[in-house]
Amino acid sequence: MKKDDILVKMVGINKRFGTVQALKNVDFTVKHQEVVGLVGDNGAGKSTLIKILTGVHFPDKGGFYFEGKKECIDSPKKARDMGIETVYQHLALIDLMSIARNFFLGREPVRKFAKVINFLDRKKIDKVAKQALKDIGITIRSVDEEVALLSGGERQAIAIGRAIYFGAKLLVLDEPTAALSIKESHKVLDYVTNARERGLSVIFITHNIYHVYSVADRFTILEHGEKIGDFNKDEVSAEDIIEIVRTGKVPARS
Amino acid sequence: MENKSKLNSSIALLFRTHPELGALVGLVLIFIVFCFTATRFLSLESLAGIVTVASELGIVAAGITFLMITGEFDLSVGSTFGFSAMILAITANAGIPLWIGFLLALSAALFIGLMNGIITVKYKIPSFITTLGTMMLWRGILLAITGGFAVRYWGTSSFLRGLNGHFLGEFRSSSIWFFIVIFLLNIILVKTPYGNFTYATGGNKEAARALGISVDKVKIINFIICAMLAGLAGCIQFARFHSVDPLRGTGMELEAIAAVVVGGTLMSGGYGNLIGTLFGVLLMGMVRSGLIMSGAPAYWYQAFIGIILISAVITNAKLKEWAIK
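Please read these numbers as outputs of a predicted model, since none were measured by experiment.

Conventions we followed
Residues numbered from 1 in each chain as written. Chains lettered and ligands numbered in written order. Predicted model: local features only at pLDDT ≥ 70, side-chain atom pairs only at ≥ 80, totals over all residues. Helix = DSSP H or I, 4+ residues; strand = E, 2+ residues; numbered from the N terminus. Rg over C-alpha atoms; globule rule 2.2 N^0.38 Å. Buried ≥ 20, exposed ≤ 12 C-beta atoms within 10 Å, placed from the backbone. Contact = placed C-beta atoms within 7 Å. Pairing = 2+ DSSP bridges. Expected span 1.5 Å × (residues − 1). Core = buried A, V, L, I, M, F, W, Y, C linked by C-beta atoms within 7 Å. Nonpolar A, V, L, I, M, F, W, Y, C, P; charged D, E, K, R; others polar. Axes fitted to C-alpha atoms, helices over the stretch in contact; angles between N-to-C directions. pLDDT = per-residue confidence, 0-100. Parallel < 35°, antiparallel > 145°, perpendicular 65-115°, else oblique. Left-handed = near helix turned anticlockwise from the far one by under 90°.

Trainee: Is there a simple way to think about the overall build of chain B in this case?
Mentor: A count of helical and extended segments in chain B gives 14 helices and four strands. Computed over C-alpha atoms, the radius of gyration of chain B comes to 20 Å, within 12% of the 20 Å expected from 2.2 N^0.38 for 325 residues, which places it in the range of a compact globule. Projected onto its principal axes, the C-alpha coordinates of chain B cover approximately 75 × 55 × 30 Å. Within chain B, the fraction of its 325 residues that count as buried is 53%. Taking as baseline every contact in chain B between residues at least 6 positions apart, the subset at least 24 positions apart corresponds to 78%.

This is the structure in structure tokens:
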């Protein structure tokens, strides 16, 4: 797969919840090694679109292509197996579990005992978790520590490090810098750049246009469930995007 | 100074990763107190008595632990306990081989657990309510089919001796089953992927789901494990008394939950283990025997457990608070 090849293509996505039309004919693409900023005000449909992409919801209508192949994502596990990894703002990690256990959750390496029983390979879990986190640039005292003790930025780092380690092709970050200090936000933005350099594509969902503007290559703007704009970085300034999100309209081009 | 804070933080880590430590301290303290106040507390018979009581309660509590870590509750274990015991008693009296009756009793428990699980998961009802309902349902059915009368089995059987016969003097085989249950469940919980799923489901259901874990399946399976262990415990107690009355196991759910909570497992799920529950039920068994041996009227047991429960929860919460700082 080359840079600029299309990794994900969603065509004519429709989703309705009861009487609310959450998405209307939305097209959405992500290229290989591209950071896409998905922006829009509350209720614009960002989360719904992402939840469809990651298998949490199923669209009422619409096609989905991954690496050029038509696919049907019917569960979060399927999405994960295909290489779509989500880092939710609050849902990424289990607070009461250790860092190492969180790192491998759902994909635990096992040793066979008596050829039938799968036991967790604790040695591998500890070693790999530690190394992978070091690679992305965070050092922790012990991977046995509970995640509850970590700062918001460290949590994001662990979730992102996990995604990279497991060979994700597409990383979905949902409000990764919300509730983070300025320093930590910048660290997370560095992780995003780091992930792209390692060959991943990233969807970055946020309210903070300045954060996403510093790392994204392209912006997709949603409003009331419809896509109202799709811009490369050189076509718009951060202020333009804010204006579009605020007014819900794309101003006429001069 | 540097060394001291390092030591402090390793002790903190130890307490954080071992929810059972608080209960162990409590167990040792209560043991020491009773050694002074209760005559013959330190005898082998007394120890056997404690373990016997603790084992039957403990098998139920082990299932509750598993389920509570999953973030769910089962108030119907007492009814399941009585219901399974009654099935074993009735089939035994009907001349059906005991091992078949035993399997039938366990199947009934499996069904009860499955029903608890499906209702809770499918209709998104708090398990507290689901199992409050099934607790009444099965107790009611039990009372209705027996007309309120106890059922006694007069025969003897090596099967029942195996379930809960004597060995080494006053000890009973229930204690062996109990230790096996604790051991197996703890291995599953701590050393297998399924244990990870269980912690994750209780710790943060949505995150676990997003990571591809079938949260609903884990819950239903653990409801079944919990109910089947309650059924097993019912059969084991029947093997001790050779009789069962339709109110058997009433109130047991609360006692079991108390033991689990004393053992450091969090009511809200995601944290705890079976070793804590082992200490918790031993502690409760010890209080029961110790109070009687100290000459206190048996009624004081409940009051005492109440105090222990509350102090244990406060201590555990404080310990955790301190350990996380």
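Trainee: Help me out: how do you make sense of the overall build of chain A in this one?
Mentor: The number of helices and strands found in chain A is eight helices and twelve strands. On C-alpha atoms alone, chain A measures out to a radius of gyration of 19 Å, which is about the 18 Å that the 2.2 N^0.38 rule sets for 254 residues. Considering only C-alpha atoms, chain A reaches an extent of 65 × 40 × 40 Å along its principal axes. Among the 254 residues that make up chain A, the fraction classed as buried is 44%. Long-range pairs, those at least 24 residues apart, make up 68% of the contacts in chain A with a sequence separation of at least 6.

Trainee: Would you take a moment to explain the sheet that holds strand β4 (residues 61-66) of chain A for this structure?
Mentor: As a general point, the strands of a sheet are linked pairwise by backbone hydrogen bonds and lie either parallel or antiparallel. Residues and elements named next belong to chain A. The strand order across the open sheet formed by four strands is β2-β1-β4-β5, and the pairing between neighbours is antiparallel. Strand pairing shows two members of the sheet lacking a second neighbour, β2 (20-31) and β5 (69-70), which therefore form its edges. Of the pairings in the sheet, the one linking β4 to β5 comprises two bridges and is antiparallel in character. Paired with Tyr65 across the two strands is Lys70, which belongs to β5.

Trainee: Where do I start with unusual backbone geometry in this structure?
Mentor: Across the chain, the bulk of peptide bonds are trans and the bulk of non-glycine residues have phi less than zero. Residues and elements named next belong to chain A. One non-glycine residue with positive phi stands out, namely Asn25, at about 45°. With respect to the helices and strands, Asn25 occurs in strand β2. Positioned with a positive phi, Gln33 is a non-glycine residue whose angle comes to about 55°. Mapped onto the elements of the fold, Gln33 is located in the loop between β2 and β3 (35-39). Residue Gln33 is classed as buried on the basis of its C-beta count, with 21 C-beta atoms lying within 10 Å.

Trainee: Looking at this structure, I do not really get helix α5 (residues 152-165) of chain A. What am I missing?
Mentor: Along an α-helix, a turn takes 3.6 residues, which lines up residues three or four apart on a common side. Residues and elements named next belong to chain A. With 14 residues, α5 ought to run about 20 Å at 1.5 Å a step, and its terminal C-alpha atoms sit 20 Å apart, in line with that. With eleven of its 14 residues buried, α5 lies for the most part within the structure. Buried residues of α5: Gly153, Arg155, Gln156, Ala157, Ile158, Ala159, Ile160, Gly161, Arg162, Ala163 and Ile164, and no others. Its buried side turned inward, α5 meets β6 (84-87), α3 (99-103), α4 (122-135), β9 (170-174) and α6 (182-197). Phi turns positive one or two residues past the end of α5, at Gly167, with a value near 70°.

Trainee: What is the right way to read the nonpolar core from this model?
Mentor: Within soluble globular proteins, side chains that are nonpolar tend to cluster in buried spots. By size, the foremost hydrophobic cluster in this structure holds 167 residues, and its most contacted members are Leu171, Ile203 and Phe204 of chain A together with Val60 and Leu229 of chain B. The biggest single contributor to this core is helix α11 (residues 215-241) of chain B, with 17 residues.

Trainee: What is the right way to read the interface of chain A and chain B from this model?
Mentor: A common way to state how big an interface is: give the accessible area lost once the parts meet. Facing 25 residues of chain A, the contacting portion of chain B comprises 22 residues. Elements that contribute at least two residues to the side of chain A that touches chain B include exactly α2 (76-82) and β8 (117-120) of chain A. Per-class residue counts for the side of chain A that touches chain B are 14 nonpolar, four polar and seven charged.

Trainee: Sorry, what's going on with the sheet that holds strand β11 (residues 218-223) of chain A here?
Mentor: Residues and elements named next belong to chain A. One open sheet holds the six strands; their spatial order is β6-β9-β10-β3-β11-β12, and the pairing between them is mixed. A single partner strand is all that each edge strand has here, and the edge strands are β6 and β12 (226-232). For this sheet, the mean angle separating the axes of adjacent strands, direction not counted, is 20°. By the bridge criterion, four bridges tie β3 to strand β10 (residues 201-205) in an arrangement that is parallel. Its bridge partner lying in β10, Val36 is registered against Ile203. Across the sheet, α5 lies against β6 and β9, angled at about 175° from β6, the strand it touches most. Seen against the sheet, α6 touches β3, β9 and β10 and runs at an angle of roughly 155° to β10.

Trainee: Explain the pairing of β12 of chain A here, please?
Mentor: Put simply, side chains in a regular strand alternate between the two faces of the sheet. Of the pairings in the sheet, the one linking β11 of chain A to β12 of chain A comprises six bridges and is antiparallel in character. Along β12 of chain A, the bridge assignment pairs Phe219 of chain A with Phe231 of chain A.

Trainee: Teacher, can you tell me more about the confidence of the model for chain B here?
Mentor: Parts of the model with low pLDDT should not have their predicted coordinates read in detail. Here chain B averages 91 in pLDDT, while 98% of its residues score no lower than 70. Two numbers describe this predicted complex: its pTM, 0.84, and its ipTM, 0.79.

Trainee: When you look at helix α9 (residues 193-203) of chain B in this model, what are you seeing that I'm missing?
Mentor: Summarising burial for α9 of chain B: nine of the eleven residues are buried, a large majority. Those residues of α9 of chain B that fall on the buried side of the exposure criterion are Gly195, Asn196, Phe197, Thr198, Tyr199, Ala200, Thr201, Gly202 and Gly203 of chain B. In the core, the buried residues of α9 of chain B are packed alongside α3 and β8 of chain A together with α3 (44-69), α8 (173-191), α10 (205-210) and α11 of chain B.

Trainee: Before we go on, may I ask you to explain the packing of helix α12 (residues 252-262) of chain B against helix α13 (residues 274-293) of chain B in this structure?
Mentor: Residues and elements named next belong to chain B. The contact between α12 and α13 brings their axes to 7 Å, and the two run at 120°. One finds that α12 runs oblique with respect to α13. Our pair here, α12 against α13, has a crossing hand that is right-handed. Facing Glu255, Ala259, Val260 and Val262 of α12, the residues of α13 in contact are Thr277, Gly280, Val281, Leu283 and Met284. Of the residues assigned to the contact of α12 with α13, the class counts are six nonpolar, two polar and one charged.

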